[in-house]
Every structure is written in C-alpha cells, then in structure tokens.
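Structural overview for review
Single-letter residue listing:
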Amino acid sequence: MREVCVFLSPSLFAVNGHMVAGLRKNGIRVESFDVRDDDYQQAIAAHHALLSKEAAHKVTPRPFLCIAFEDSRAGVNAARNAGMCVIGIASNRIELDRLKSNGANTAAMSAAEILESLGVRNYYQVQYLQFVI
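What counts and how
- Residues numbered from 1 in each chain as written.
- Predicted model: local features only at pLDDT ≥ 70, side-chain atom pairs only at ≥ 80, totals over all residues.
- Heavy atoms only, no water.
- Helix = DSSP H or I, 4+ residues; strand = E, 2+ residues; numbered from the N terminus.
- Buried < 20%, exposed > 50% of the residue type's maximum accessible area, 1.4 Å probe, protein only.
- Contact = heavy atoms within 4.5 Å.
- Areas by Shrake-Rupley, 256 points an atom, 1.4 Å probe, with all protein chains shown as cover.
- Polar contact = N/O pair within 3.5 Å; in protein donor to acceptor, adjacent residues only side chain to side chain.
- Disulfide = S-S within 2.5 Å.
- Pairing = 2+ DSSP bridges.
- Axes fitted to C-alpha atoms, helices over the stretch in contact; angles between N-to-C directions.
- Right-handed = clockwise from strand over helix to strand, strands pointing away.
- Salt bridge = Lys/Arg side-chain N within 4 Å of Asp/Glu carboxyl O.

1. Brief notes about the overall build of the protein chain
Looking only at helices and strands, the protein chain features 7 helices and 5 strands. What you see in the protein chain, going N to C, is helices and strands ordered as β-α-α-β-α-β-α-β-α-β-α-α. The 133 residues of the protein chain split such that 44% are buried. Long-range pairs, those at least 24 residues apart, make up 54% of the contacts in the protein chain between residues at least 6 apart in sequence. Surface summary for the protein chain: the accessible area is close to 6800 Å², and the carbon and sulfur share equals 50%.

Right under this line is the structure:
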C-alpha cells in the first residue's frame, strides 16, 4: 500500500466507482469519509497506523500526502485544518467559487474534470496530485 490516501465524501464515493476501483488497483487507499461523523485527523492517524502495521515499523503521519475530494464547505475546512490537500467538487459555479474561497487547493465540477485539468491520465498518477496542486 502506498502512503498516499484519498478521502471522498460519501456522495462522491457513490458516483465515482470507476475512480475508486482504479485507485485501489494501483495500491492507493480510498475511503468514503463523512466529515459530519468523523474528524479528518483521526482518519489520517488510522491510515498511518495501518501503514505502520504493514511496514512493521512506525510511520510518521504526513497529512499532506492525503488528498480529500470534498463537495461541502465544512468538509473543505476540516480537511484544510488537518493539513491535507483539498480538491473541491461543486455542483454549480456558485458553489465552485465558495469551495475555492473556503480553502480548497483547487476545484472543479467533477472529479474527472479536475484530474484531466491537472494532467492525470491514469489512477496511478493520483498519488502525485498534492505535488501538482
């Protein structure tokens, strides 16, 4: 498993099954994450605990290697506060501007659009997104 982890809001997780499958096939952990129920810092800690178990030694948490695809302003704020790279996915142009103004590193109208605009041509490349944005 790679150190990079991708968190998707439940609604984005449900409609992007092809992306989830592609990421997992390439060893990238993908989790559905509802910011109302959980705290991103706990999720990052759990991800790094799993990595430490697999690596048989303690892995230092590096939140900047975790990417959150968020469709809510609360989710964007929570992910930014946890030190993550945040990609906003909006349902309309007004919400697109709001996600950007709330701290999303970048935003688009769909996950496919954001990946295409950043030159990500396959799911293996998603692990480098935080360095591109």
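Additional details are given in the paragraphs that follow.
2. A look at the side chain of Glu 70
Summarising the element assignment, Glu 70 is placed in strand β3 (residues 66-70). Here Glu 70 falls in the buried class, since its relative accessible area comes to 2%. At 3.5 Å, the side chain of Glu 70 and the side chain of Ser 72 are in polar contact. If sequence neighbours within four positions are ignored, Glu 70 has contacts with Ser 9, Leu 12, Phe 33, Tyr 40, Gly 75, Val 76, Val 86, Ile 87, Gly 88, Ile 89 and Leu 99.

3. Things to note about the state of the cysteines
Counted under the stated rule, the structure contains 0 disulfides. Unpaired in this structure, Cys 5 has its nearest cysteine sulfur neighbour in Cys 66, at a distance of 5.2 Å. Owing to a relative accessible area of 0%, Cys 5 belongs among the buried residues under this scheme.

4. Regarding the sheet that holds strand β4 (residues 85-89)
Strand order in the open sheet formed by 5 strands is β2-β1-β3-β4-β5, and the pairing between neighbours is parallel. At either margin of the open sheet sits one strand with a lone partner, and together these are β2 (29-32) and β5 (106-108). Geometrically, the sheet is characterised by an average inter-axis angle of 20 degrees between neighbouring strands, direction not taken into account. Those strands touched by helix α5 (residues 93-101) are β3, β4 and β5, and its axis lies near 165 degrees from that of β5.

5. A word on the pairing of β3
Within β3, 5 of the 5 residues are buried, which leaves it mostly tucked inside the rest of the structure. Burial along β3 is two-sided: the residues Cys 66, Ala 68 and Glu 70 and Ile 67 and Phe 69 are all buried. Pairing between β3 and β4: 4 bridges, direction parallel. Bridge pairing in β4 links Phe 69 to Ile 87. In terms of handedness, the path from β3 via helix α4 (residues 73-81) over to β4 forms a crossover that is right-handed.

6. A closer look at the pattern of salt bridges
Inspection of the entire model under this criterion finds 3 salt bridges. The partner of Glu 31 in a salt bridge is Arg 29, and the shortest N-O contact between them spans 2.9 Å. A residue is classified by how much of its surface remains accessible, and Glu 31, at 27% relative accessible area, is partly exposed. Note on Arg 29: relative accessible area 18%, which makes it buried. With a closest N to O distance of 3.5 Å, Arg 73 and Glu 95 form a salt bridge. Here Arg 73, found in helix α4, pairs with Glu 95, found in helix α5; they are 22 residues apart in sequence, far enough to count as distant. With a relative accessible area of 36%, Arg 73 lands in the partly exposed category.

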